[in-house]
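Here is what each chain is made of, one letter per residue.
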Number of protein chains: 2
Amino acid sequence: MEAIEKTLNFIVEIEQLKDVYRKTRPVGLDRFENSAEHSWHVCLAALMLKDFANEAVDIHRVIKMLLIHDLGEIDAGDTIIYASETSDNKAKEAAGVRRLLQLLPAELAQEFTALWQEFEAGETAEARFAKAIDRVPPLLHNLLGDGHSWKTHGVTADQVFSVNQRIAAGSEALWSVMRTRLEAAVRDGLLK
Amino acid sequence: MEAIEKTLNFIVEIEQLKDVYRKTRPVGLDRFENSAEHSWHVCLAALMLKDFANEAVDIHRVIKMLLIHDLGEIDAGDTIIYASETSDNKAKEAAGVRRLLQLLPAELAQEFTALWQEFEAGETAEARFAKAIDRVPPLLHNLLGDGHSWKTHGVTADQVFSVNQRIAAGSEALWSVMRTRLEAAVRDGLLK
Ligand SMILES: [Ca+2]
């Protein structure tokens with residue numbers, strides 16, 4: 001029963017991800033998105049878009065990565081992708097993930113620490129696809145929400161294209177659709 | 001590209017699950033939980049507790065079920081588990097799930113409709129385990145949150161035990177731990 005008790009403590013502890021707020025509002029909602037509901041959203045997006053990954057991916061591994069990918073934010077907070085990802089913040093996230101996963105029985109802690117590191121490194125097919133999917137919802141929030149986060153944070157079209165073209169590393173097809181939508185946003189003056 | 005466009009529409013549409021509020025507050029948070037963040041939470045709980053399922057389960061199928069299990073609430077709303085699950089509400093949820101999944105390309109719509117029905121029926125090892133996991137976080141919220149939802153809704157110890165003992169159908173080990181915690185709550189006067 002000790003393994004179950006430990007795991008329940010982990011389950012309670014990670015609940016704090018529901019209190020980490022991001023920089024965009026879900027479509028139609030009048031509040032910022034939190035990182036827990038975002039994590040659910042990207043898991044479903046990955047599942048439904050898996051056939052468009054550039055390389056065949058083990059979708060279960062992709063989903064496991066996405067379920068835990070933001071846990072480091074419980075200690076480090078969320079940072080907008082257009083702010084340079086500082087090594088200080090990266091270190092805080094890594095320490096936060098380690099603290100949380102170490103609440104688990106050793107074998108699980110090990111498996112999921114390795115998976116989180118794989119996601120961060122972004123060098124496997126699964127990590128590349130997971131990272132591509134992770135970028136899509138904030139773009140949809142802006143595209144369908146009057147570019148609210150781009151405007152608030154003074155994000156330019158150049159920045160949006162340069163950061164998000166990395167979607168293509170996980171899915172050329174998905175980037176092609178998103179690029180078309182972003183180009184339309186530029187024509188419409190939503191993104192400058 | 002049409003399949004991607006359809007899937008993106010689905011991804012935007014299901015975002016409304018972030019606006020469906022449940023009856024318990026996450027531990028330490030001063031607001032009710034929404035069904036999207038709850039869905040993330042139970043996926044991770046299932047993943048970390050999979051070895052305690054009564055029967056070997058295909059955990060990827062369990063997680064797929066849990067990712068979509070509450071989609072019907074977008075149209076039907078959330079209902080507390082202690083209110084009798086009316087056939088009217090069940091029909092609304094089924095119609096809601098159908099509406100949403102039909103936004104997807106046909107093959108995906110079919111696969112996930114079947115999976116949702118399997119979860120609802122609760123007759124496979126995966127569905128039993130998924131349903132067991134789904135019951136745990138609201139219990140933790142009450143146990144660690146002064147029984148707030150039990151008190152607000154006048155839920156008795158008898159009701160809590162009779163509804164939640166069904167956790168044992170998915171995991172005897174998990175029910176044993178939760179039952180012990182609930183018995184302590186009765187001794188402490190948190191649950192009457
Ligand atoms: Ca993040």
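Throughout, residues of each chain are indexed from 1 in the direction in which the sequence is written. As they are written, the chains are lettered A onward and the ligands numbered 1 onward, keeping that order. A pLDDT threshold of at least 70 governs which residues receive local features in this predicted model, and a stricter bar of 80 or more applies before side-chain atom pairs are shown or counted, although totals over entire chains, interfaces and linings include all residues. As a convention, hydrogens and water are excluded, and side-chain values are obtained from all of the structure's heavy atoms.

**Considering the relation of the copies chain B and chain A**
Only residues with pLDDT of at least 70 in both copies count here: their C-alpha atoms drive the least-squares fit that superposes the copies. After a rotation of 180° and a shift along the axis of 0.0 Å, chain B superposes on chain A with an RMSD of 0.0 Å. Such a combination of turn and shift is consistent with a two-fold rotation axis. Interface residue correspondence from chain B to chain A reaches 100%, placing this contact among same-surface, isologous pairings. Note on contacts: a residue pair is in contact if any heavy atoms of the two residues lie within 4.5 Å.

**Focus on the packing of aromatic side chains**
Working definition: a ring pair exists when centres of Phe, Tyr or Trp rings (six-membered ring for Trp) sit within 6.5 Å. Plane angles under 30 degrees give stacked, over 60 give edge-to-face, the rest tilted. The tally for this structure, following the rule as stated, stands at two aromatic pairs over all chains. Ring geometry for F161(A) against W175(A): centres 6.4 Å apart, planes inclined by 80°, an arrangement best described as edge-to-face. Residue F161(A) is found in helix α9 (residues 157–164), and its partner W175(A) is found in helix α11 (residues 172–187); the two are separated by 14 residues along the sequence. W175(A) sits in the buried class, given a relative accessible area of 7%. Directly above the ring of F119(A) sits K131(A), whose terminal nitrogen or CZ lies 4.5 Å from the centroid. The residue whose ring lies beneath R25(B) is F32(B), and the NZ or CZ to ring-centre distance is 4.6 Å. Segments assigned H or I by DSSP are reported as helices when at least four residues long, segments assigned E as strands when at least two residues long, and all are numbered from the N terminus. Each residue's exposure class comes from its accessible area (1.4 Å probe, protein chains only) as a fraction of the maximum for that residue type: buried when under 20%, exposed when over 50%, partly exposed otherwise. Sitting over a ring, as applied to charges here, requires NZ of Lys or CZ of Arg to be within 6 Å of the ring centre and within 35 degrees of the ring normal.

**Section: the interface of chain B and chain A**
With 55 residues of chain B at the interface, the matching set in chain A holds 55 residues. Across the chain B/chain A interface, buried area totals approximately 4800 Å², and carbon plus sulfur atoms make up 76% of it. What gets called buried area is simply the loss in accessible area from a 1.4 Å probe that two parts show on being joined, summed for both. Among the residues chain B hides against chain A, the three largest losses belong to K18(B), W40(B) and M48(B). Together they make up 16% of the total. What makes a salt bridge here is a side-chain nitrogen of Lys or Arg within 4 Å of a carboxyl oxygen of Asp or Glu, nothing more. At the boundary of chain B and chain A, one finds four salt bridges. Across the salt bridge formed by R181(A) and E5(B), the nearest N and O atoms sit 2.5 Å from each other. Under this definition, polar contacts are N or O atom pairs within 3.5 Å; protein pairs additionally need one hydrogen-donor-capable and one acceptor-capable atom, and for neighbouring residues in sequence, both atoms have to be side-chain atoms. Summed over the shared surface of chain B and chain A, the result is 23 residue pairs in polar contact (both at pLDDT 80 or more). Element by element, the count of residues in the side of chain B that touches chain A is highest for helix α2 (residues 35–49) of chain B, at eleven residues.

**Considerations on the packing of helix α2 (residues 35–49) of chain A against α2(B)**
Every angle, taken between N-to-C directions, lies between 0 and 180 degrees, and every axis is a line fitted to C-alpha atoms, over only the stretch in contact when it is a helix. Orientation of α2(A) relative to α2(B), taken along the N-to-C sense of each, is 70°, at an axis distance of 7 Å. By the angle between their directions, the pair α2(A) and α2(B) is classed as roughly perpendicular. The residues of α2(B) that touch α2(A), namely those facing A36(A), E37(A), S39(A) and W40(A), are A36(B), E37(B), S39(B) and W40(B). Put simply, Ala, Val, Leu, Ile, Met, Phe, Trp, Tyr, Cys and Pro go in the nonpolar bin, Asp, Glu, Lys and Arg in the charged bin, and everything else, Gly too, in the polar bin. Looking at the contact of α2(A) with α2(B) residue by residue, the class counts come to four nonpolar, two polar and two charged. These descriptions rest on fixed angle ranges, namely under 35 degrees for roughly parallel, over 145 for roughly antiparallel, 65 to 115 for roughly perpendicular, and the rest for oblique.

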